[in-house]
Structures are given as C-alpha cells and as structure tokens.
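Inside the fold
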Amino acid sequence: MVSKDIKSFFVQRLNDWAAANKRPLPWKNEPDPYLIWLSEIILQQTRVAQGMPYYEAFKAHFPNVQVLAAAPEDEIMRLWQGLGYYSRARNLHQTAKTIAIQYQGKFPDTYEEIRALKGVGPYTAAAIASFAFGLPYAVVDGNVSRVLSRFLGIDTPIDSTIGKKLFQDLADTLLDRNDPGKYNQQLMDFGAVHCTPQQPLCPQCPLQSECIAFRQKKTAQLPVKNKKITKTKRYFHYLVPKFDSQTLIRKRTQQDIWKHLYEFPLIETEQANLDIHDLLAQNHTTLDWWKPEQLIEIRQTGPHKQQLTHQTIIATFWELELQQIEQNQLPDQFVCINWKNLDKFAFPRIIDWYLKDNSLNLFSQVQQN
DNA sequence: AAAGCGGGGTA
DNA sequence: TACCCAGCTTT
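Residues numbered from 1 in each chain as written. Chains lettered and ligands numbered in written order. Predicted model: local features only at pLDDT ≥ 70, side-chain atom pairs only at ≥ 80, totals over all residues. Heavy atoms only, no water.

1. Topic: empty space enclosed by the protein
Empty space among the atoms becomes visible once a probe the size of a water molecule is rolled across them. This model, assessed by the stated rule, comprises one cavity of 30 Å³ or more. In this model, the largest cavity occupies a volume close to 120 Å³. F190, C195, C202, C205 and C211 are, among the 15 residues lining the largest cavity, the residues nearest its centre. Across the lining of the largest cavity, the residue classes break down as 11 nonpolar, three polar and one charged. (1 Å grid on protein atoms, 1.4 Å probe; cavity = no way out; pocket = protein on both sides within 12 Å on 5 of 7 lines; lining within 4 Å. Points joined across faces, edges and corners; volume = space filled by probe spheres on them. Nonpolar A, V, L, I, M, F, W, Y, C, P; charged D, E, K, R; others polar.)

2. Re the layout of surface pockets
One number sums up the size of the second largest pocket: a volume of about 510 Å³. Around the second largest pocket sit 24 residues that line it, and K28, N29, K182, Q185 and Q186 are the ones nearest its centre. Of all the secondary-structure elements, those providing two or more residues to the lining of the second largest pocket are α1 (4–20), α2 (33–43), α8 (122–133) and α11 (180–193). Its residues placed into classes, the lining of the second largest pocket shows eight nonpolar, eight polar and eight charged. (Helix = DSSP H or I, 4+ residues; strand = E, 2+ residues; numbered from the N terminus.)

3. Considering the protein's contact with DNA strand B
Taken together, 20 residues lie around DNA strand B, and R47, T161, W258, Q306 and R349 are the ones closest in. The sugar and phosphate moieties of DNA strand B supply 53% of its atoms located within 4 Å of the protein. (Near = heavy atom within 4 Å.)

4. Section: the pattern of salt bridges
Scanning all chains against the criterion turns up 19 salt bridges. With its nearest N and O atoms 2.8 Å apart, the salt bridge here joins E268 to R234. Of the two residues, E268 sits in strand β4 (residues 266–269) while R234 sits in strand β1 (residues 232–242), which places them 34 residues apart along the sequence. Judged by its relative accessible area of 39%, E268 is partly exposed. For R234, a relative accessible area of 13% gives the class buried. Two residues, K344 and D343, come together in a salt bridge whose shortest N-O distance is 3.3 Å. Overall, K344 belongs to the exposed group, its relative accessible area being 51%. In this structure D343 comes out as partly exposed when scored by relative accessible area, which is 42%. A single network of salt bridges, built from pairs that share partners, joins R234, R250, R252, D256, E263 and E268. (Salt bridge = Lys/Arg side-chain N within 4 Å of Asp/Glu carboxyl O. Buried < 20%, exposed > 50% of the residue type's maximum accessible area, 1.4 Å probe, protein only.)

5. Re α1
With 17 residues, α1 should reach 24 Å at 1.5 Å per residue; the first-to-last C-alpha distance of 25 Å fits that figure. Three or more residues of α1 are buried, namely F9, F10, V11, L14, W17 and A18. Elements in contact with the buried residues of α1: α9 (142–151), α10 (161–174) and α11. (Expected span 1.5 Å × (residues − 1). Contact = heavy atoms within 4.5 Å.)

6. A closer look at the protein's contact with DNA strand C
Close to DNA strand C lie 26 residues; G119, G121, T124, D141 and R146 are nearest. Counting only atoms of DNA strand C within 4 Å of the protein, the sugar-phosphate share comes to 66%. Between DNA strand C and Q45, the relevant distance is 2.9 Å, taken from a phosphate oxygen to a main-chain nitrogen or oxygen of the residue. Listed by contribution, the elements that provide at least two residues to the surface near DNA strand C are α2, α8, α9 and α11. (Polar contact = N/O pair within 3.5 Å; in protein donor to acceptor, adjacent residues only side chain to side chain.)

7. Brief notes about α11
Spanning 14 residues, α11 covers 20 Å between terminal C-alpha atoms, matching the ideal 20 Å at 1.5 Å per step. Taken across its 14 residues, α11 has 11 buried, putting it largely inside the fold. Of all the residues in α11, the buried ones are P180, G181, Y183, N184, Q185, Q186, L187, M188, D189, F190 and G191. The inward-facing, buried residues of α11 abut α1, α8, α9 and α10.

8. A few points about the nonpolar core
Note that soluble globular proteins tend to have their nonpolar side chains buried in a common cluster. By size, the foremost hydrophobic cluster in this structure holds 94 residues, and its most contacted members are F10, W37, F58, W80, Y238, W258 and F264. Per element, the largest residue contribution to this core is eight residues, and it comes from α2. For W37, the residues in contact, after removing those within four places along its chain, are L68, L92, T95, A96, F107, V120 and I128. Judged by nonpolar contacts, the second largest core, of 16 residues, contains W318, L322, I325 and F334. (Core = buried A, V, L, I, M, F, W, Y, C linked by side-chain atoms within 4.5 Å.)

9. Considerations on the domain arrangement of chain A
Entries for chain A in the domain assignment read domain 1 (4–221) and domain 2 (232–368). On the side of domain 2, 14 residues touch domain 1, which itself brings eight residues to the contact. Summing both sides of the interface, domain 1 and domain 2 together bury roughly 920 Å²; the carbon and sulfur share of this comes to 49%. Counting every contact that joins domain 1 to domain 2 gives two salt bridges. Its salt-bridge partner being K251, residue D74 comes within 3.9 Å of it at the nearest N-O pair. Inspection of the region where domain 1 meets domain 2 yields six residue pairs in polar contact (both at pLDDT 80 or more). When residues in the side of domain 1 that touches domain 2 are grouped by element, the largest group, four residues, is from helix α5 (residues 73–80). Classifying every residue of the side of domain 1 that touches domain 2 gives two nonpolar, two polar and four charged. (Domains from an automatic or database assignment. Buried area = accessible area lost by both parts, 1.4 Å probe.)

Right, here's the structure in full:
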C-alpha cells in the first residue's frame, strides 16, 4: 500500500518541515511519564490552547501521581471545571490510584499495561509509549488521520471501524522507528498547523508533489466522516434557594450530561415557557425541601442558552428567597451549603456563568459580610 | 456498530 | 451554523 520510497519521502519531508516549524509546548521533551499522561488526557478532543492552562494548574496542584491519587474527587472535578468531557477527570483519578497502589507509583512502561489504564485508548497509549519510553507505536488522532487520508487519497470514513483499522495500519507503516516519539509529535504538529481541516497550506506544502488529494484536487473532500450529529433542545429550570447564607445543591449522578458535577435543584420541561408557580405546585421529589408558606420572594434570571455538541440547553434560574429550608426532607444527593463554599464544587459552564455574572443580587449582602 | 459525552475556536 | 479539536467508554 505504501512503498519504501513514499515512506522515506514522507518521513524526510516531515522532518524538514518540523525543523523549520517549531511548536514549543509545555509537555514536549517532558521525561516524566506522569506529566505526559496528564497532558494527553487533558488534550483528548481538546484544543491545545484550551487545555494549556488546565495542564499548568493540574501540574501545580498535583506534581506527582501520589498527590493526585490522594486528592478528594471534588477537588479534581473542580479543577477540571469548564474543560468538558468530565468522565476524563474521574478516570484520571482512578488511574492515579491504580498507578500509586498497584504499580507502587512507577508508571507502567509497556503498551499493553498503559492501554489497560482507565481513560487510555489506542491513541493515548501510543502517545505515552512513544513519548515517555521511545516505543514504536504510531499515534492516530484527528490530525494524523486527516494528513494520511489526504496524502494517500483515501476516502474510507475515518470514524468507521474499518477506517480506524486502516489508518492505524498505515500510520504504523509510516512510523519512523528511529525516533517514534519525535516522529509522532512532528506528524501531529504538521496536521495541526499546516494540513488543517479548512484551507490547508497546500501551496507551500513539502508533501505536495506526492499528495494524492492535492493531485486530484480533493483536499477539501478529505477526510471523510460518516458521523452526523442530531441536536436536541432541553429546557432547564434551576431553583436557587436562599435561606440566610445557605443554599442547596445536588450532584448529578444519572446517565446524562454533566455527570458528577453539581447543580441547583432542577426541573426539566418540554417547553420553553412556564408559570413558575405552577412548577412549584408540582409534587416533585426534587422539591421536597420546599414549602409554599416559607417563600419570601422569587426573582428570575435568564433564560440563558448554552450550545453543546449534541444539545442546546436553555436554562432559567429562579431565585427563591425562603424563611427556611427543610433540611430533614432533602432528597438523595442534595447538600445544604453556605453560599461562600460554592467554589469548592464543580459546576457546568452555564451555572458558572450564572454564579459569576447574575447572582450578585441574591447573595450580595452575604458576600459583603 | 452506534451512541453519548463539553466547551470553545473558526469560517 | 457546521465542523472540529493530541478520543474513550458504554450500550
């Protein structure tokens, strides 16, 4: 499928390109497998620029795997707040414990052992194996599959089962076994800054003369993906209770977005508009802490929209100033906390938005104390 | 094999 | 808007 000449052309031109296009990143040339692993988990489906500050924060808070393993889960989740795909944070914690206990703090150094870690798939295992231990495993991420599909002119969908196997095989074939880690880095850099999804820099491309997509004018059509997204709208009504400096939050534990993040008591509706008093009159278990006679005042904030990949969230915040919160009636997963302790818990972006910009009127007197 | 999971940048 | 990002896990 790939001739020896094509491979040496590819490897040589890529190496020349990388020499002229440095892309300094904090985790490059990092010898510590723990920090390499940390950076790779953070960067899964995440742009470098977005993950960078999180990497620095995690590195500062948890300088080694033992510290991370010993940290409370809520602290890790809070530090992960805003980065998305929150199961990564839980898997990070679980794997830290695995390494600290089962591996006595020494990061496993074979591909199979690394691949077996929670949250580590084929890409991440190859990345750690090659970067940290110089092992000959080719990474295949979005960048690599795009470069290969174009250079070799392959229109097999990269997200199909057959396509994943094909591109992994091709990547393994093209891998420069003299320095797998360096080669892997170069190829991802090339995809990220040169062979970009839109408007790739073909006119000045060192691979142009052998690039099938360029020759056939198909760069804009490659790579092919067959996954299409369907978006659903959801209407969230958050009830924000206030009693003195106390409020009520709960941890999301159902199989849904934002699992293991916290939120205010939530009622989800099918329609955008509703009468708040009708909603409060419902005999909903989420409202067991609420008694109509204890209501002092209601204020509304929002609705505010948040666009996720598969869902549009339209959230309205209803601030309920109360004479009392029925703490002995709290449903499962609910906790009554002081307002000033909210920063100990991880919240979805939309609640963070509300807390930062729109809740001052509710607890301003508390914050001034 | 397909679905589900975030948030943000870019055209 | 739609697409994509140093993907993985669950169903």
